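Now for the letters of each chain:
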Amino acid sequence: MKLTKLKAGLLGVTAMGICATSAMAAIEGENWWIGGRIKQGFSLAYDLENNGASKGPSNFLLEVRGNWRPTNSITIKADVWLRGDWYADIGSDIKQGGIQDFTSPGFVGQFGFNINGNGAGFPGEPFGSRPTANRFFSDFNDEMLRELSIQFKDPEGRFSLKVGKFQRGWGQSDGLRLLDVLNAQDLRERFVLRDAEDVRIPAWTAALNLNFRRMGLSKPFEAIGMKRTSLELIFMPEVRHSKFVINNPTSGATSGGIFGFPYPRLLDSKSGLGTAFFGTNLTDNAPDKFSFSDPNLAARLKFEAFGGDMTLNWLYGHQELPVTSLQGANLLLGTALNDERQATAVIPLTLDQGLGAAHAPGQYLDFLRSLVSAPGSVPFPLAPFGCTSPLVGAPNCSLNYNFNLDYDFRKKLVGGSFTREISELRLGPKNVSPVLRTEFSYEFDKPFNTSRVITPFGEEENGTTALVSAPSSSIVFRDQWSVMVGVDYFLWLPFLKNQRGSIFTSAQFFNIHTNNSDNLLYQAPYAAIDSRVNKNQQFATLLWNFALYKEKLFIEGLSVWDISFKGFTHRQRIDFNFFGDTFRPRLEWIHVSGKKEQGLLGFFKNSDIIEASLTVQF
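Cut-offs used in this document
- Within each chain, residue numbers correspond to sequence positions counted from 1 in written order.
- Local features in this predicted model are restricted to residues of pLDDT 70 or higher, and side-chain atom pairs are both shown and tallied only at a pLDDT of 80 or more, whereas totals for entire chains, interfaces and linings draw on every residue.
- The side-chain figures draw on all heavy atoms in the structure; neither hydrogens nor water molecules are used.
- Elements are defined by DSSP. Helices are runs of H or I of four residues or more, strands are runs of E of two residues or more, and each kind is numbered from the N terminus.
- Here the term buried applies to any residue with accessible area under 20% of the maximum for its type, exposed to any over 50%, and partly exposed to those in between, with areas from a 1.4 Å probe on protein chains only.
- By definition in these notes, contact holds between two residues if any of their heavy atoms fall within 4.5 Å.
- Each accessible area is a Shrake-Rupley result for a 1.4 Å probe, and residues are judged covered by the shown protein chains and nothing else.
- In this analysis, strands are considered paired if DSSP registers two or more bridges between them.
- Between the N-to-C directions of two axes lies an angle of 0 to 180 degrees, each axis being a line fitted to C-alpha atoms and, for a helix, fitted only over the stretch in contact.
- Put simply, buried Ala, Val, Leu, Ile, Met, Phe, Trp, Tyr and Cys residues joined by side-chain atoms within 4.5 Å make one nonpolar core.
- Aromatic pairs are defined between Phe, Tyr and Trp rings, using the six-membered ring for Trp, whenever the two ring centres lie within 6.5 Å; interplanar angles under 30 degrees are classed as stacked, those over 60 as edge-to-face, and all others as tilted.
- Patch criteria: residues need more than 30% relative accessible area and no salt bridge. Like-charged residues are merged within 9 Å; nonpolar side chains of Val, Leu, Ile, Met, Phe, Trp and Tyr are merged within 5 Å.
- Salt bridges are defined as contacts in which a side-chain nitrogen from Lys or Arg sits within 4 Å of a carboxyl oxygen from Asp or Glu.
- As a per-residue measure, pLDDT tells how confident the predictor is, with possible values from 0 to 100.
- Any pair of N or O atoms that falls within 3.5 Å is considered a polar contact. Within protein, one atom must be able to donate a hydrogen and the other to accept it, and sequence-neighbouring residues count only if both atoms are side-chain atoms.

On to the overall build of the protein chain, then. Scanning the protein chain for helices and strands turns up 8 helices and 28 strands. The proportion of buried residues among the 618 residues of the protein chain is 54%. Long-range contacts, defined as pairs at least 24 residues apart, comprise 66% of the intrachain contacts of the protein chain with a sequence gap of at least 6. Summing over all exposed atoms, the protein chain offers an accessible surface of approximately 27,100 Å²; the carbon and sulfur share of this is 58%.

Strand order across the open sheet formed by 4 strands is 12-17-15-16, with mixed pairing between neighbours. Looking at which strands have only one partner, the edges of the open sheet turn out to be strand 12 (278-285) and strand 16 (345-349). When strand polarity is set aside, the average angle formed by the axes of neighbouring strands in this sheet is 30°.

Right, let's talk about the nonpolar core for a bit. Counting 53 residues, the largest nonpolar core has Phe102, Phe261, Phe278, Leu399 and Tyr401 as its most contacted members. For this core, the secondary-structure elements that each account for two or more residues are strand 2 (32-48), strand 12, strand 15 (323-333), helix 5 (351-359), helix 6 (364-370), strand 17 (397-406) and strand 27 (583-593). Beyond its immediate sequence surroundings of up to four residues, Phe261 is in contact with Phe191, Phe244, Val245, Ile246, Asn247, Tyr526, Phe603 and Phe604. Listed in part, the 12 residues of the second largest apolar core include Leu182, Ala207, Leu315 and Leu413.

Applying the stated criterion across every chain, the model contains 23 aromatic pairs. Aromatic side chains Phe244 and Phe261 sit 5.3 Å apart centroid to centroid with 65° between the ring planes, which places their arrangement in the edge-to-face category. Here Phe261 lies in the loop between strand 11 (227-236) and strand 12 and Phe244 lies in the loop between strand 11 and strand 12, a separation of 17 residues in the sequence. In this pair, the class of Phe244 matches that of Phe261, namely buried.

The next point concerns the environment of Leu266. Along the chain, Leu266 falls in the loop between strand 11 and strand 12. Placed 261 residues apart in sequence, Leu266 and Ala527 show a C-alpha to C-alpha distance of 7.5 Å. The contacts of Leu266, once residues within four sequence positions are left out, are Gln100, Gly274, Thr275, Phe278 and Thr464.

Attention now moves to a nonpolar patch on the surface. Together, Leu548, Tyr549, Phe578, Phe579, Phe583 and Leu614 give the surface a local cluster of nonpolar side chains, amounting to about 600 Å² of exposed area. Along the chain, Leu548 falls in strand 24 (residues 536-548).

Below, the discussion takes up the pairing of strand 22 (residues 475-491). Regular strands have side chains that alternate between both faces of the sheet. Bridge analysis of strand 19 (residues 435-449) against strand 22 gives 13 bridges, and the strand direction is antiparallel. Within strand 22, the residue paired with Lys446 across the bridge is Arg478. Sheet topology note: the strand 22/strand 23 (residues 503-514) ladder contains 12 bridges and is antiparallel. The partner of Asp488 across the bridge, within strand 23, is Ser506.

With that out of the way, let us pick up the environment of Phe137. Looking at where Phe137 falls in the secondary structure, it is placed in the loop between strand 7 (110-114) and helix 2 (140-144). The exposure class assigned to Phe137 is buried, which follows from its relative accessible area of 0%. C-alpha separation for the pair Phe137 and Leu82, spaced 55 residues apart in sequence, amounts to 6.5 Å. With near-sequence residues (within four places) excluded, Phe137 lies in contact with Leu82, Arg83, Gly84, Glu143, Met144, Arg188 and Glu189.

On to the pattern of salt bridges. In a structure, side chains of opposite charge can pair up when their charged atoms sit close to one another. Scanning all chains against the criterion turns up 42 salt bridges. With a shortest N-O distance of 2.7 Å, Glu232 and Arg168 are connected by a salt bridge. Here Arg168 lies in the loop between strand 9 (159-166) and helix 3 (196-199) and Glu232 lies in strand 11, a separation of 64 residues in the sequence. Assigned by exposure class, Glu232 and Arg168 land together as buried. We note a salt bridge from Lys411 to Glu443, for which the minimum N-O separation is 3.3 Å. Residue Lys411 is located in strand 18 (residues 410-421), and its partner Glu443 is located in strand 19; the two are separated by 32 residues in the primary sequence.

The predicted model of the protein chain has a mean per-residue pLDDT of 86, with 85% of residues at 70 or higher. The low-confidence segment residues 1-25 (pLDDT under 50) makes 35 contacts with residues lying over four places distant or belonging to another chain. Low pLDDT, under 50, characterises residues 375-380; the predicted model gives this stretch 11 contacts beyond four residues in sequence or across chains.

Among the 10 residues that make up strand 25 (residues 553-562), 8 are buried, leaving the element largely enclosed by the rest of the structure. Note: strand 24 against strand 25, 10 bridges, orientation antiparallel. Pairing of Leu548 across the sheet is with Leu553, part of strand 25. Here strand 24 folds back onto strand 25 in antiparallel fashion, the turn holding 4 residues, of which Tyr549 has a positive phi close to 50°. Taken together, the 10 bridges between strand 25 and strand 26 (residues 567-576) define a ladder with antiparallel strand orientation.

Below, the discussion takes up the side chain of Arg83. Within the secondary structure layout, Arg83 lies in strand 5 (residues 74-86). Accessibility expressed as a relative area gives 5% for Arg83, which makes it buried. A distance of 3.0 Å separates the side chain of Arg83 from the side chain of Glu189, its partner in a polar contact. What Arg83 contacts, discounting residues up to four positions off in sequence, is Phe60, Leu61, Arg135, Phe136, Phe137, Glu143, Asp186, Arg188, Glu189 and Arg194.

Here we come to unusual backbone geometry. With an omega dihedral of 10°, the bond running from Ala524 to Pro525 counts as a cis peptide bond. Mapping Pro525 onto the fold places it in the loop between strand 23 and strand 24. Within the chain, Glu551 stands out as a residue other than glycine whose phi angle is a positive 65°. With a relative accessible area of 61%, Glu551 lands in the exposed category.

Our next topic: the side chain of Asp101. Inspection of the secondary structure puts Asp101 in the loop between strand 6 (95-100) and strand 7. For Asp101, a relative accessible area of 13% puts it in the buried group. Of the polar contacts made by the side chain of Asp101, one reaches the side chain of Thr103; its length is 2.6 Å. Contact partners of Asp101, with chain neighbours within four places excluded, come to Phe107, Gly109, Gln110 and Phe111.

Set out below in structure tokens:
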């Protein structure tokens, strides 16, 4: 049930009061306990596009969880949280790029999109919209219920069955995921830079674990070198896709703040001009949210071999990120700014009519490309779609294309992992052995949008204009395989004689290979010429942490390098654990750099923040 903002606020205030009174003493009994945490953060956003620094999103969180074991074989768990980001104090002049600015030279500029405006409309606040989508995540089933499960463990240890709503983590990679694909991700608050368990979206699931050794079925596996074999079977009737917000001024003026995906640049590759007067309406097209006939299915075989721990993984699920599929268009009369609220008339166009409006001889793209030879930077009078205001001679029409963000494709993946301590190799003053970790995955028929199509009128289009095509032309399928190699090491510095504890380090290298990658878009609707898939996309990560002052000061850093697109992000945390287990202050710094709309990190190149937070645990 969707809670109203008032109800969500009252729930939060009431629960905070309850938690505050019990924070100093956890509630527990002989076979049960109730605990939780309250967190409030305040941040400074200091790298805003065209704006410098301002108050940033202020993350809050209230979580209550409990555990009850009525018998040695049965465990019941519940976990509910309320979270969100306060944006109310962010200035209304923080802008991201919006639709192409037809008053700029070559139309390559973008009208500013106020990501925290009030939606008053052009010219006072063009396309303004407060990022209220992130204010309260208050849908009980989708956003508040983290876990409600019951688990039965066979007294003989032969099997266990867990049923309910929960998350299941696969794989061990940091920052990026190859095998951790059972649960979609919530990217609305800090993209992927929150803890993995806080990013995963739980789903109603049944998980059956079978211990072949306890069941007396291990001998055939042991005969081929597989020891301690177990099998995990996953049945997931609730299908979820990743959650994110595109800062889109033309589709309900949606805004996800500085961690919303920016509105894409819309450029014509042939003329070099921005596709002014083009906008987009975006609608999710997802599979049935709950279906016993079309569920996600998965299996994982775990065993010991070659001196380490191995898994073989299989998933038959659904895509968690979308491709775009064109459905039609809306012709707007009375506005050149793609704002359907300001239009005097909105004329719906079918898919074929929308294709014709863009690609047919003498229509929009021919009109746009004819302006290349026009004198001056702004060749008035402009008459897109034959519309010009009789009063001022300015353009008076625009076109919004209706795209589905399409998740209704299967994800078919196999993979595996291997982890082993390299005991033959001992390094450093403490003779510590490194740990080798590897993961691989192979995905069949992964859907992509293509950046090159042939229109129904026989013309080749590339980049943005290729998105304006029938789904049968714009969506293609490719196999993709990925490999991660990582090393974990507890570092003791030889020159630091008084070092009380080790520095944990974990370095990883990823290679993602896409078969026949020519003309594939990295992620539609971002379709600039430099936003394409590389044949081999490479990343590197480094995670490290250590404790000082008898573990009362905990410092952790996570760096991710997008080698192929020259992007970089770093998350630095400092936890001050001087106040016992109850009060946990933290300083966190997130820095992202990259090229606009290129690769994973280029979308958030202006999302740098410094956040101070206090968590109360109970």
